[in-house]
Structures are given as C-alpha cells and as structure tokens.
Amino acid sequence: MIIVPEGAIEGLVTAADCFAAVEKVFAAMARRTARNFPVVREAIGHAEALYGFKSGFDRESLALGLKAGGFWPGNAAKGLTNHQSTVFLFDADTGRCRAAVGGNLLTALRTAAASAISIRHLARPDSRVLGMIGAGHQSAFQLRAALGQRTFERVLAWNLHPGMFGRLATVAGEHGVTFEVVDLDQLGAEADVIVTITSSFAPILKAAQVRPGTHLACMGTDTRGKQEVEAELLAAATVFTDEVAQSTSIGEAQHAVASGLLAADAIVEIGTVINGDHPGRTSAGEITLFDGTGVGLQDLAVASAAVDLAVSKGLAVEVAF
Ligand code: NAD
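Residues numbered from 1 in each chain as written. Predicted model: local features only at pLDDT ≥ 70, side-chain atom pairs only at ≥ 80, totals over all residues. Heavy atoms only, no water.

A.B. asks: Pulling in residues and values, what's your account of unusual backbone geometry?
C.D. replies: Positive phi, close to 55°, is recorded for Ala47, a residue that is not glycine. For Glu48, which is not glycine, the phi dihedral falls at a positive 55°. Its location among the elements puts Glu48 in the loop between β3 (40-43) and β4 (50-58). (Helix = DSSP H or I, 4+ residues; strand = E, 2+ residues; numbered from the N terminus.)

A.B. asks: Before we move on, can you summarise the site of the ligand with the specific residues and values?
C.D. replies: Residues in close proximity to the ligand total 23 residues, the closest being Arg110, His137, Asn159, His161 and Lys226. At 2.9 Å from an oxygen atom of the ligand is found a main-chain nitrogen or oxygen belonging to Gln138. With respect to the ligand, the side chain of Asn159 contributes an N or O atom lying 2.7 Å from an oxygen atom. The fraction of the free accessible surface of the ligand (860 Å²) that becomes covered by protein chains is 80%. Here the residues of the shell around the ligand are counted per class, giving six nonpolar, 14 polar and three charged. (Near = heavy atom within 4 Å. Polar contact = N/O pair within 3.5 Å; in protein donor to acceptor, adjacent residues only side chain to side chain. Areas by Shrake-Rupley, 256 points an atom, 1.4 Å probe, with all protein chains shown as cover. Nonpolar A, V, L, I, M, F, W, Y, C, P; charged D, E, K, R; others polar.)

A.B. asks: How would you summarise the sheet that holds strand β16 (residues 268-269) if you had to cite specific residues and measurements?
C.D. replies: Taking strand neighbours across the sheet as the criterion, the eight strands line up as β10-β9-β8-β11-β13-β17-β15-β16 in an open arrangement whose pairing is parallel. With one partner strand each, in any of the chains shown, β10 (178-181) and β16 form the two edges of the open sheet. By the bridge criterion, four bridges tie strand β11 (residues 193-196) to strand β13 (residues 215-218) in an arrangement that is parallel. Across the sheet, residue Val195 finds its bridge partner in β13, namely Ala217. (Pairing = 2+ DSSP bridges.)

A.B. asks: Any details on the side chain of Gln298? Residues and values, ideally.
C.D. replies: You can see Gln298 is positioned in helix α11 (residues 296-312). The exposure class assigned to Gln298 is buried, which follows from its relative accessible area of 1%. Looking at Gln298, its side chain comes within polar contact range of the main-chain oxygen of Arg110, at 3.0 Å. (Buried < 20%, exposed > 50% of the residue type's maximum accessible area, 1.4 Å probe, protein only.)

A.B. asks: How would you explain the packing of helix α3 (residues 104-122) against α11 if you had to name every residue and give the values?
C.D. replies: Their axes nearest at 10 Å, the elements α3 and α11 cross at an angle of 115°. Note on packing geometry: the crossing formed by α3 with α11 is right-handed. Of α11, the residues touching α3 (which contributes Leu106, Thr107, Arg110, Thr111 and Ala114) are Gln298, Asp299, Val302, Ala303 and Ala306. Along the lines of polarity and charge, the residues of the contact of α3 with α11 split into five nonpolar, three polar and two charged. (Axes fitted to C-alpha atoms, helices over the stretch in contact; angles between N-to-C directions. Left-handed = near helix turned anticlockwise from the far one by under 90°. Contact = heavy atoms within 4.5 Å.)

A.B. asks: Give a detailed account of the packing of aromatic side chains, specifying residues and quantitative values.
C.D. replies: Applying the stated criterion to the full structure yields three aromatic pairs. Ring geometry for Tyr51 against Phe53: centres 5.4 Å apart, planes inclined by 70°, an arrangement best described as edge-to-face. The class of Tyr51 is partly exposed, set by a relative accessible area of 32%. Between the aromatic rings of Tyr51 and Trp72, the centroid separation amounts to 6.3 Å while the plane-to-plane angle is 70°, which identifies the pairing as edge-to-face. Placement of Tyr51 in strand β4 and of Trp72 in the loop between β5 (63-71) and β6 (83-90) is noted, with a sequence separation of 21 residues between them. Within the aromatic cluster, the residues linked to one another by ring pairs are Tyr51, Phe53 and Trp72. (Phe/Tyr/Trp six-rings, centres within 6.5 Å; stacked < 30°, edge-to-face > 60°.)

A.B. asks: Quick rundown of the side chain of Gln209? Include the residues and the values.
C.D. replies: Looking at where Gln209 falls in the secondary structure, it is placed in the loop between β12 (201-205) and β13. Residue contacts for Gln209: discarding those within four places in its chain leaves Leu184, Asp185, Gly188, Ala189 and Ile204.

Okay, here's the thing in structure tokens:
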C-alpha cells in the first residue's frame, strides 16, 4: 500500500495536473463510464464534527475509492485546518487497499480545477475582468486557477467580511493583475467572469447585477440550503454542472429547480461540452453558469494523479498491508 502524506502533496501535484485529471473524469462521467456513489454526511455528535464519505468508480482509469473526512470547527484552536480529509484508493481488480493520500490540499486544487475547466470551456475568449465573490481559504486557489484561463487584466473582489482580502490581493500581485475591492453593482457590471466561493445561505449576487455574456462559476454551494446567487440568474443563464443529481439537491441549482424557475433536464453536464457533445456557449451575449458541487470522482482523480507522480518520482512510501 502506498502512502502519500498531506505534507508531500504540495511539492508533488500541480494545478495543471489537477486540471487534466478532473477534466478527464468529468468527460468519463458524461460518457457514463464513471459514476459517483451516494454521499454520506453525518453529524457525529462529538466535537461538533460533520463527517462523511464521497466515493465512486471510474471504469476508464480504474480509480476506485473514497474521500473520508469533514469539518471539525474546533480544529483552528488546535492549530489544525477545520476541513480534514483523506482519500483511500482500492485496486479495482482485487479490492485491496492501494493507497492512502492526504486530501486537504487536493480538495482545494480539485475544486479550483473544476471552475477553471468551466472558464476554459465556457467563458468568452475576450474575457479581461475577473470578479471574485468570497475571500476565504478556497478563494486564493480559485483565483490562481482562473487567472490561467484567459488574459485577465483586472480582478474585482467583494466579500461580506471586509478584513479578508489579503490572500486575493497577494495572488493578483503575483500575476501582475490589478486588484480592486468593489461593490456588487460594479463587480457585476464590469466582470466578464465571476467566481463565487462563499459559505452563504442567502443570495449575494442578483440577476439584475449581471450583464449579458458573463460566465459564472458558482463553487461555494455544496450543501442543502446554501445559496450564492439569485435563482432568477439561473433562469436567465445556460446552466452547466459537474453532476445534475448533486446540482439539483445540494448545488446552486437547488433553489431555481425547487421554485420552478429552472427545469432539471435543462442543466448540462460540463463533461458533454468537454466531449464535444454539447456546444457550450453559443453566443457572445449568453450568460453561462457552472454549478460546481464537488464530486467524489474529482477526489479520486487527483489522488490517483498524486500516487502516479509519487511512484514515477520515486517518492512513494510503501508499507506492507
Ligand atoms: P472559509 O471559511 O475559509 O471562507 C468562507 C467565505 O465565505 C469567506 O469569504 C466569508 O467571508 C464568506 N461567508 C461566510 N459566511 C457568509 C455569509 N453568511 N454570507 C456571505 N458570505 C459569507 O471557507 P472556504 O474553505 O473558502 O470555503 C468556501 C465555501 O466553499 C464553503 O461553503 C465550502 O463548503 C465550499 N466548498 C465547495 C467545494 C466544492 O467542490 N464545490 C469544495 C470545497 C469547499
């Protein structure tokens, strides 16, 4: 059994590796050769923790396994990250445990890869202004991945809590891109691409604030009840997602579908765009919206990439198991 500890991930796996792995598995999901299994998420009644599993199997890559972990709100006081996860991979031919891989950094990288994939396939090629809503832990990864997809010149940012813009300003500075904190009206009026990555339970961005031709990647909503944008915005957009079942139940589309503003069968799996079975954006004035809910197969794909890289670089720690 191979172990790739959390501390080894940073030097091993790049954002580009994660982009390639996630794009490939989204395509396999659309071909129905890879599928996610039902998600388990439970309050365990200890340490106020939420714990669960995301799992699946990709018949093309033979990635089989699960990500186990969740949210421990008391961790910060112990100097630990509140979100904790580990990916376990199994040999699809024998069921033997193949690898245990630290999942914390990989989660941020695979989530950023998903929105970057949506920008690459759906945003207008002439996009120059990037809007960021949210400035928490994930936001820096999101910004870094998004900046690589178009020739962005400016980043406009908004966050509910004003003291948090440091990490976004740093990433923008690293890329030589102008960084401005703005209100939501200005952000919606000037951004070509908008990434939302918050823990919000009420719509932040209104449909009237978004101009024609915008691409949005809504990445924060991954639980029932969360919401980042007005349901009317999804009604006005062509909506894409990683997995329709998650989009309508725990994703941003849950509200628009529940209120009858959006038909579930109008939501397009991004994998069909990657495969060339759906044209994606069809006009410069179309609003495209990617509902990135986060699926287990993303975790298995990037963890498999980490194991392959560890083996090929001679860095894999092997234990008899
Ligand atoms: P974080 O705690 O570091 O940051 C939270 C962000 O949300 C901050 O910008 C904060 O100001 C903002 N926020 C908090 N409460 C808010 C409210 N009521 N209204 C508006 N904004 C609010 O969290 P993070 O690690 O950056 O994660 C952000 C979100 O992304 C979380 O909801 C998390 O569950 C989600 N997430 C999604 C995926 C996915 O695959 N889609 C993966 C990882 C995380």
